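# Breakdown of the fold
This is what each chain is made of:
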Amino acid sequence: MTFFLSKTQVIAAFGAVLLALFVLDLVRRRKLSEEYSLLWVIASVFIALLGFSTPLLVWITRTLGVMGEASTVFAFGLAFATAMLLYLSLKLSRLGFENHALTRELALLRHDFEEMRRERTGEGSR
Amino acid sequence: MIPPRVLVIIPAHNEEASLPATLAEVRAKAPGADLLVVDDGSRDATARVAREAGVQVVRHPVNLGVGGALQTGFHWAIDHGYDIGVQLDADGQHDPGYLAALLAPVAEGRCDVSIGSRFVESSGYRAPLNRRLGMMLFQAVVKLAIGRRITDTTSGFRAYSREVMKVCRYDFPQDFPDAPLLIGLARRGFRLDEVPVRMRERQAGRSFYTLGKQLYYPYKNLLASLMALIRRPV
């Protein structure tokens, strides 16, 4: 094994390719929207790049002063995971706001609707 | 002077036990005001008992919390042309006998938000220690933020002018609408005032402050207060 520095690098490289393929397949099957696939694809392509290009991995490790090439791969993986979580928190907050507004709108419309229906069917019937 | 149109907004979450008495009391003591019950995703007969009492009811399909329920009330108030909105608890803590006193400063244009305070005059109310510490903390936070002492920041017995409701229907603190709300409103240039009231023990049902919320409360409210202070009012 000369091309790869360690087994971890092999696992990271092929794992990243599998992840990218899986994410793209999810988009194909309309399970995952293009928007949410973006960060995943960027992350897996980047990790795959580190995995398959030993000179790049070594250069980044030296430049950043990281102890060991495997740590570099994991550090970038963790950075992407953090970015993804923050992105999801943002989206979740926004969904929460929108959900509140929709709930309110629905409640007010339902009130008007029920009132109109009562008027049409005459008093007394609830 | 034309008397202002007043809407009493009552957020209610599983309050079938205490709601009828509260509604009857508001009717008796404030005959000029209209009532709106915002049923905030109750699983009991809250909406039915309110409807049977002959008041308007808006039902949330899911629970949004007090802040969300009040916002629905503000939307209603704006859409139906009310001049003043009053927030009143369903559980009977707030004595509708004080409604006239609470409304007066807003109706006369002396302030935009009127807060029913347990502490302007000594009302004999003594909260448990943890509650008291929280109250002191947020009293200090509000004083620091807006340079004015609000004795009862956690009071949920308030009257809002139409202009305030126009802002609050879109922008209102969720979960615990107290100190951050007051800071945000003061930052927008609205005038706050306090009116002495006495509050009672809740008549039935359960308080919504669970242990988890008690721990979350200081964090959330301190952060929200800070944000209300530094955020540019829109």
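All names here are of chain A. At a closest axis distance of 9 Å, the pairing of helix α1 (residues 7-28) and helix α4 (residues 69-121) adopts a crossing angle of 30°. The angle between α1 and α4 places the two elements in the roughly parallel class. As α1 packs across α4, the resulting crossing turns out to be left-handed. Residues T8, Q9 and A12 of α1 pack against E69, A70 and V73 of α4. Its residues assigned to classes, the contact of α1 with α4 shows 3 nonpolar, 2 polar and 1 charged.

Our focus in this paragraph is helix α8 (residues 211-230) of chain B. Helical geometry note: an α-helix holds 3.6 residues per turn, so side chains three or four residues apart project in the same direction. All names here are of chain B. The end-to-end C-alpha distance of α8, which contains 20 residues, comes to 30 Å, matching closely the 28 Å that a straight helix rising 1.5 Å per residue would cover. Where α8 bends most, at Y217, the angle is about 35°, and the proline P218 comes one to four residues later. N221, A224, S225 and A228 are the residues of α8 that are buried. Buried residues belonging to α8 abut α5 (129-146) and α7 (179-187).

We now examine the sheet that holds strand β1 (residues 6-12) of chain B. Residue and element names in this part refer to chain B. Strand order in the open sheet formed by 7 strands is β3-β2-β1-β4-β6-β5-β7, with mixed pairing between adjacent strands. Strand pairing shows two members of the sheet lacking a second neighbour, β3 (56-60) and β7 (192-196), which therefore form its edges. Direction aside, the axes of adjacent strands within the sheet are offset by 20° on average. Sheet topology places strand β5 (residues 113-117) next to strand β6 (residues 158-161); 3 bridges connect them, and they run antiparallel. Following the sheet pairing, V113 is matched in β6 by Y160. Of the strands in this sheet, β1, β4 (84-87), β5, β6 and β7 are in contact with helix α4 (residues 99-107), which crosses β4 at around 145°.

All right, on to the nonpolar core then. One recurring pattern in soluble globular proteins: nonpolar side chains tend to sit buried together. In terms of nonpolar packing, the biggest core is built from 62 residues, with B:V8, B:I10, B:L36, B:V86 and B:L182 touching the most fellow members. Each residue touching B:V8, except ones within four places of it in the same chain, is listed here: B:V26, B:A30, B:A33, B:L35, B:V86 and B:L88. Within the second largest apolar cluster, 8 residues are counted, among which are A:A43, A:I47, A:L50 and A:L57.

Here we take up the interface of chain B and chain A. Contacts between the two partners involve 11 residues from chain B, matched on the other side by 8 residues from chain A. Of all the elements in the fold, those that place two or more residues in the side of chain B that touches chain A are β3 and α3 (66-79) of chain B. The dominant element in the side of chain B that touches chain A, judged by the number of residues it contributes, is α3(B), at 5 residues. Broken down by class, the residue content of the side of chain B that touches chain A amounts to 5 nonpolar, 5 polar and 1 charged.

Let us now look at the environment of B:I10. Residue and element names in this part refer to chain B. Relative to the assigned elements, I10 resides in strand β1. Once the C-alpha coordinates of I10 and Y170 are considered, the two residues, 160 residues apart in sequence, prove to be 18 Å apart. Beyond its immediate stretch of four places on either side in the chain, I10 contacts T22, L35, L36, V37, V38, L88 and A90.

Definitions and limits used
Residues numbered from 1 in each chain as written. Chains lettered and ligands numbered in written order. Predicted model: local features only at pLDDT ≥ 70, side-chain atom pairs only at ≥ 80, totals over all residues. Axes fitted to C-alpha atoms, helices over the stretch in contact; angles between N-to-C directions. Helix = DSSP H or I, 4+ residues; strand = E, 2+ residues; numbered from the N terminus. Parallel < 35°, antiparallel > 145°, perpendicular 65-115°, else oblique. Left-handed = near helix turned anticlockwise from the far one by under 90°. Contact = placed C-beta atoms within 7 Å. Nonpolar A, V, L, I, M, F, W, Y, C, P; charged D, E, K, R; others polar. Expected span 1.5 Å × (residues − 1). Bend = angle between axes of the 7 residues up to and from the residue. Buried ≥ 20, exposed ≤ 12 C-beta atoms within 10 Å, placed from the backbone. Pairing = 2+ DSSP bridges. Core = buried A, V, L, I, M, F, W, Y, C linked by C-beta atoms within 7 Å.

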